[in-house]
Amino acid sequence: MSRVTVKRRIVRVKDRARLPAVDSLAAEEPLEIRLDGTPLTVTMRTPGDDFDLAAGFLVSEGAVGAPGEIATIRYCAGATVDGGNTYNVLDVRLAPGVPAPEPRNFYTTSSCGVCGKASLEAVRTVARWSAADDPVTLRPATVTSLPDRLRAAQRVFDRTGGLHAAGLFTADGEPLCVREDVGRHNAVDKLLGWALREGRLPLRGCVLMVSGRASFELVQKAVMGGVPVLAAVSAPSSLAAELAAEEGLTLIGFLRGNSMNVYTGERRLSAAHDVTPSAGTGSAGARTAG
């Protein structure tokens, strides 16, 4: 699809001058995901990689973990009153014998992810794989190179300045897959869906790099995909750090320039004495960088 950006006429104001111009905006449209014909969730997303998004959402919810557990994914024809196809409705058919996820009050937005879950315990989905068991180690220099490598792959961001990015990298810093979306959680789901459909789960020995903050939900998604390391250019939340510690995930925040804050799992960084200490041990410089 080519609806990732939308052109809009604007007035550009600089000093005292007002000039007509055309700007590119990141597209944001609803996507309804149906499971065996029954509506499951609606998410606001940037069109593109929708099959990966749907598959990744089911990975995040613990419904699937292998490509054979999904029979088909297709756009629903006749999604409008006149029978046209909006490409905004997907139907996922699970393979025979694969149970559907527990029904929940799903509604996702581009800003906050899944809302309406009854309690914190309901969010802590049981993972198929243990992040704590992954023995991967990383050089700090490799980790600090990831933001630039992620930024270099953000093609739509270059045109709009309005998209989040998530990238999967090897322990040596080589990119495996990068996805963009108006929602950071959607970008991660698109990665997980790609990995599922490529038969790469669990994502052992990989680093998940995100362009924004590290929320509880992103830590959960990393754990559900078997990712041992989550790195973000901004801050994690307290619950994100708590869950990462519980699950044995290495959580890195404020990854900027040659510094970072390591909140959990510092054992995975070689030459740990070269790493900027976390906020709790006097890392004010890292926190205020950029």
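Only a predicted model underlies this, so the values are computations on that prediction, with no experimental measurement involved.

Visitor: Looking at this model, I keep getting lost on unusual backbone geometry. Mind explaining?
Guide: Keep in mind that most residues, glycine aside, have a negative phi and that most peptide bonds are trans. Between Leu201 and Pro202 the backbone carries a cis peptide bond, its omega angle lying at 0 degrees. On the secondary structure map, Pro202 appears in the loop between helix 5 (184-197) and strand 11 (206-210). Here the phi dihedral of Asp15 falls at roughly 55 degrees; this positive angle occurs in a residue that is not glycine. Structurally, the position occupied by Asp15 is in the loop between strand 1 (5-14) and strand 2 (17-26). Judged by its relative accessible area of 75%, Asp15 falls in the exposed class. The phi angle at Asp49 is positive, at roughly 55 degrees, despite the residue not being glycine. By the element assignment, Asp49 lies in the loop between strand 4 (38-45) and helix 1 (50-60).

Visitor: Where do I start with the nonpolar core in this structure?
Guide: Nonpolar side chains tend to gather and get buried jointly when the protein is soluble and globular. With 50 residues, the main nonpolar core has Leu58, Ile70, Leu208, Val219 and Leu230 as its most contacted residues. Here this core takes seven residues from helix 5, the largest share from any one element. In this structure Leu230 touches Leu208, Val210, Ala214, Leu218, Val219, Leu249, Thr250, Leu251 and Ile252, once residues within four positions along its chain are discounted. In this structure, Leu150, Phe169, Val229 and Val262 belong to the second largest nonpolar core, which totals 18 residues.

Visitor: Explanation requested: the sheet that holds strand 9 (residues 164-170) in the structure shown.
Guide: Pairing between sheet strands relies on hydrogen bonds along the backbone, with the strands arranged either parallel or antiparallel. Sheet architecture is open: six strands sit in the order 10-9-11-12-13-14, paired in mixed fashion. Pairing within the sheet leaves two strands with one partner each, and these edge strands are strand 10 (175-181) and strand 14 (259-264). The average angle at which neighbouring strand axes cross in this sheet is 20 degrees, direction not considered. As paired elements, strand 11 and strand 12 (residues 229-232) share four bridges and run parallel to each other. Along strand 12, the bridge assignment pairs Val210 with Ala232.

Visitor: Can you help me understand the pattern of salt bridges in this one?
Guide: Close approach of charged atoms allows side chains with opposite charge to pair. Evaluated as defined, the whole model comprises 10 salt bridges. Linking Asp50 and Arg45 is a salt bridge whose minimum nitrogen-to-oxygen distance equals 2.8 Å. Residue Asp50 is classed as buried on the basis of its relative accessible area of 2%. What makes Arg45 buried here is its relative accessible area of 0%. A salt bridge links Arg179 to Asp52, with the shortest nitrogen-to-oxygen separation between them at 3.3 Å. Of this pair, Arg179 sits in strand 10 while Asp52 sits in helix 1, and the two are 127 residues apart along the sequence. A relative accessible area of 14% means that Arg179 is categorised as buried.

Visitor: Explain the packing of aromatic side chains to me, please; I cannot follow it from the model alone.
Guide: Here the distance between the centres and the angle between the planes together describe a pair of aromatic rings. Inspection of the entire model under this criterion finds two aromatic pairs. Between Tyr75 and Tyr87, the aromatic rings sit 5.1 Å apart at their centres with planes inclined by 80 degrees, giving edge-to-face as the arrangement. One end of the pair, Tyr75, is in strand 5 (residues 70-75); the other, Tyr87, is in the loop between strand 5 and strand 6 (89-94), with 12 residues separating them in the sequence. On the basis of relative accessible area, Tyr75 is assigned to the partly exposed category, the value being 21%. Aromatic rings pair up to connect Phe51, Tyr75 and Tyr87 into one cluster.

Visitor: I tried to follow the packing of helix 1 against helix 5 on my own but got confused; where do I start?
Guide: In helix packing, the relevant descriptors are the interaxial angle and the interaxial distance, both defined with respect to the helix axes. In contact at an axis separation of 6 Å, helix 1 and helix 5 are set at 90 degrees when each is read in the N-to-C sense. Comparing the axis directions of helix 1 and helix 5 gives the class roughly perpendicular. Across the interface between the two elements, Phe51, Asp52, Leu53, Ala55, Gly56, Phe57, Val59 and Ser60 of helix 1 pack against Asn186, Asp189, Lys190, Leu192, Gly193, Trp194, Leu196 and Arg197 of helix 5. Considered class by class, the residues forming the contact of helix 1 with helix 5 number eight nonpolar, four polar and four charged.

Cut-off values and rules
Going along each chain's sequence as written, the residues are numbered from 1 onward. Thresholds applied to this predicted model are a pLDDT of at least 70 for local features of residues and 80 or more for the giving and counting of side-chain atom pairs; totals over whole chains, interfaces and linings are not thresholded and use all residues. Only hydrogens and water are set aside; all other atoms, that is, all heavy atoms of the structure, feed into the side-chain values. Per the convention used, a helix needs a DSSP run of H or I reaching at least four residues, while a strand needs a run of E reaching at least two, with both numbered from the N terminus. Partly exposed residues are those whose accessible area sits between 20% and 50% of the maximum for their type, while under 20% is buried and over 50% is exposed, using a 1.4 Å probe and protein chains only. Among buried residues, the Ala, Val, Leu, Ile, Met, Phe, Trp, Tyr and Cys ones that are joined through side-chain atoms within 4.5 Å form a nonpolar core. Between two residues, a contact is recorded if the distance between any of their heavy atoms is within 4.5 Å. Two strands qualify as a pair provided DSSP detects at least 2 bridges between them. Axes, fitted as lines to C-alpha atoms, cover a helix only where it is in contact. Angles between the N-to-C directions of the axes lie from 0 to 180 degrees. When a carboxyl oxygen of Asp or Glu is within 4 Å of a side-chain nitrogen of Lys or Arg, the pair counts as a salt bridge. Any Phe, Tyr or Trp ring, taking Trp's six-membered ring, that has another such ring centre within 6.5 Å forms a pair; planes under 30 degrees apart are called stacked, those over 60 apart edge-to-face, and the others tilted. Convention used here: angles under 35 degrees read as roughly parallel, angles over 145 as roughly antiparallel, angles from 65 to 115 as roughly perpendicular, and any remaining angle as oblique. In this classification, the charged set is Asp, Glu, Lys and Arg, the nonpolar set is Ala, Val, Leu, Ile, Met, Phe, Trp, Tyr, Cys and Pro, and all remaining amino acids, among them Gly, are polar.

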